[in-house]
Amino acid sequence: MLNLSEYSTLPLQPFGICIMPIAVNTKLSLSRDIILYLVRAHKIVLFRGFNSFSKIEFRQYANTLGQLLEWEFGAVMEMKVSENPKNYLFTEAHVPFHWDGAFHKEPQYLLFNCIEPPLPNSGGETLFADTESICKTLALDQQMFWGKLTLKYKTEKIVHYGGNIEVPLIQQHPDKAVPILRFAEPVAKDLLNPVEVSVVGFDRRTSDELISNLAARCYDQQFCYVHRWQDDDLLLADNFSLLHARNAFAKISPRHLRRIQILN
């Protein structure tokens, strides 16, 4: 039986769970089995109010959860606005919904640590869309139609990913064997490293309409959790059940996250 008596818990809306220590100066010490159980059940697990991690400690902690995905920059990505960005991720622009690993290896979990949150009312929130729940709400004929769709993605490899891929829209979660969506919004051509998206076998107008309808589902408040970062937040998300995005900055603000991708 799961025992979280040493912690206080709070449900997030519309999904997810927040876990906080009862005592001050508490180090996160839940076992891997409990944490992975929680993320399977809730899709997002937010740890708030625990002792902060150094960069080395963050990586060491991630190693206890599974195999880390290594890139040319290492396992830890420093996510903050750059003076000379090569990708829209490092600008103040809106980041459309996507899943990590589409053009490379798909990690099962995403682990984020907030080093410096955005200023209040300045934007920069991270959005998560629950595609499991989206699939559950589909009428049978719509699920059958979506199940036949394949999306084509194309982007130039400027940073650590890129290429041309074709991906079935509806797939199965590798652990839960339930339907999920593999969908990413187009990235506008006026942004760095744009991404073209189309639905295979449809004309441009119909393809754009289908993509617009898919995006609208992701932003629907019954499926979309908006995370407003606080100092030292540690957030673990299921990269298969969820898509994620980021609100644009409404004004100039610091925002520094660290991210690690966990393969399994």
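Look above for the structure.
Each chain carries its own residue numbering, running from 1 in the written order of its sequence. The model is predicted, so local features are restricted to residues of pLDDT at least 70 and side-chain atom pairs to those at 80 or more, both for listing and for counting; the totals for chains, interfaces and linings are taken over all residues. Side-chain measures here rest on the full set of heavy atoms in the structure, leaving out hydrogens and waters.

A.B. asks: How should the overall build of the chain be read in this particular structure?
C.D. replies: Scanning the chain from terminus to terminus reveals five helices and 16 strands. Relative to a compact globule of 264 residues, whose C-alpha radius of gyration would be 18 Å, the chain shows 18 Å and is just as compact. C-alpha atoms of the chain, sized along the principal axes, occupy 60 × 45 × 35 Å. Here the contacts in the chain between residues at least 6 apart in sequence split such that 78% fall between residues at least 24 apart. Surface accessibility follows the Shrake-Rupley procedure with a 1.4 Å probe radius. Residue values consider only the protein chains on display as shielding. If you sum the accessible surface of the chain, you get close to 12900 Å²; carbon and sulfur atoms cover 51% of it. Charge separation in the chain, taken as the distance between the mean sites of 27 positive and 29 negative side-chain charges, equals 2 Å. A run of H or I in DSSP counts as a helix once it spans at least four residues, and a run of E counts as a strand once it spans at least two, with each numbered from the N terminus. Restricting the calculation to C-alpha atoms gives the radius of gyration, and the globule rule supplies 2.2 Å times the number of residues raised to the power 0.38. Only heavy atoms enter the contact rule, under which two residues are in contact if any of them lie within 4.5 Å. Residues scored as positive are Lys and Arg, those scored as negative are Asp and Glu, and His as well as the terminal groups of each chain are ignored. Charge positions are represented by NZ for Lys, CZ for Arg, CG for Asp and CD for Glu.

A.B. asks: Please clarify how the nonpolar core should be interpreted in this entry.
C.D. replies: Soluble, globular proteins show a tendency: their nonpolar side chains are buried together. Grouped together as the largest cluster of nonpolar side chains are 54 residues, with contacts concentrated most on I44, F128, W146, L151, Y153, L169 and F183. Looking at this core, the element that brings in the most residues is helix α5 (residues 204–219), giving five residues. Contacts of L151, omitting those with residues within four sequence positions, involve I165, E166, V167, L169, F183, V197, S198, V199, V200 and L214. We call a set of buried Ala, Val, Leu, Ile, Met, Phe, Trp, Tyr and Cys residues a nonpolar core when their side-chain atoms join them within 4.5 Å. We call a residue buried when its accessible area falls under 20% of the maximum for its residue type, exposed when it is over 50%, and partly exposed in between, using a 1.4 Å probe and counting protein chains only.

A.B. asks: Is there a simple way to explain the side chain of H244 in this structure?
C.D. replies: Positionally, H244 belongs in strand β15 (residues 242–246). According to the relative accessible area criterion, H244 is buried, its value standing at 8%. N or O atoms closer than or at 3.5 Å make up a polar contact, with two conditions inside protein: a donor-capable atom paired with an acceptor-capable one, and, for residues adjacent in sequence, both atoms drawn from side chains. At 3.2 Å, the side chain of H244 forms a polar contact with the side chain of D100. Not counting residues within four places of it along the chain, the set of residues in contact with H244 comprises P96, F97, H98, W99, D100, L110, L127, F128 and N239.

A.B. asks: Please clarify how empty space enclosed by the protein should be interpreted in this entry.
C.D. replies: The rolling of a water-molecule-sized probe over the atoms marks out the regions of remaining empty space. Think of a 1 Å grid over the protein atoms and nothing else: a 1.4 Å probe that fits but is trapped marks a cavity, an open set flanked by protein within 12 Å on at least five of seven lines marks a pocket, and residues with an atom within 4 Å of a point count as lining. Grid points are joined across faces, edges and corners, and a volume is the space filled by probe spheres set on the points. Counted according to the given criterion, the structure contains three cavities of 30 Å³ or more. The calculated volume of the largest cavity comes to roughly 490 Å³. For the lining of the largest cavity, the elements supplying multiple residues, two or more each, are β4 (77–79), β5 (95–98), β15 and β16 (256–262). In terms of residue count, β5 provides more of the lining of the largest cavity than any other element does, four residues in total. Residues are grouped as follows: Ala, Val, Leu, Ile, Met, Phe, Trp, Tyr, Cys and Pro are nonpolar; Asp, Glu, Lys and Arg are charged; all remaining types, including Gly, are polar. Broken down by class, the residue content of the lining of the largest cavity amounts to 19 nonpolar, seven polar and five charged.

A.B. asks: Looking at this structure, how should I read helix α2 (residues 55–63)?
C.D. replies: Note: α-helices contain 3.6 residues per turn, so residues at a spacing of three or four share the same orientation. Restricting attention to buried positions, one finds in α2 the residues F58, Y61 and A62. End-on, the buried residues of α2 take up no more than an arc of 100°, which puts them together on one face. Turning to α2, the residues buried within the fold contact α1 (32–42), β6 (109–116), β14 (234–238) and β16. This arc describes the spread of directions from the helix axis toward the C-beta atoms.

A.B. asks: I'm lost on the pairing of β6 in this one. Help?
C.D. replies: Within a regular beta strand, the side chains point alternately toward one face of the sheet and then the other, so they alternate between its two faces. A large share of β6 lies buried, amounting to six of its eight residues. Two strands pair when backbone bridges link them, and β6 and β16 are joined in this way by seven bridges, in the antiparallel orientation. Considered in β16, the bridge of C114 is made with L257. As paired elements, β6 and β14 share five bridges and run antiparallel to each other. Opposite F112, over in β14, you have L235 as the bridge partner. For two strands to be treated as a pair, DSSP must find at least two bridges joining them.

A.B. asks: Before we go on, may I ask you to explain the sheet that holds strand β7 (residues 126–130) in this structure?
C.D. replies: The strands that make up a sheet are held in pairs by hydrogen bonds between backbone atoms, and each pair lies either parallel or antiparallel. Strand order across the open sheet formed by four strands is β5-β15-β7-β13, with antiparallel pairing between neighbours. Edge positions in the sheet fall to β5 and β13 (224–227), since each of these pairs with one other strand and no more. Each adjacent strand pair in this sheet contributes to an overall mean axis angle of 15°, direction not counted. Where β7 and β15 come together, five bridges link them in antiparallel fashion. Opposite T126, over in β15, you have R246 as the bridge partner. The convention used is that axes are lines fitted to C-alpha atoms, helices contributing only their stretch in contact, and that angles between N-to-C directions extend from 0 to 180 degrees. The sheet contacts of α5 involve β5, β7, β13 and β15, and relative to β5 the element is tilted by about 95°.

A.B. asks: Any chance you could explain the environment of L110 here in plain terms?
C.D. replies: Residue placement: L110 occurs in strand β6. Each C-alpha atom, one on L110 and one on I262, is 6.1 Å from the other, the two residues being 152 residues apart in sequence. When neighbours within four sequence positions are excluded, L110 is seen to be in contact with D100, L235, L236, A237, N239, H244, I260 and Q261.

The analysis is restricted to geometry; functional conclusions fall outside its scope.
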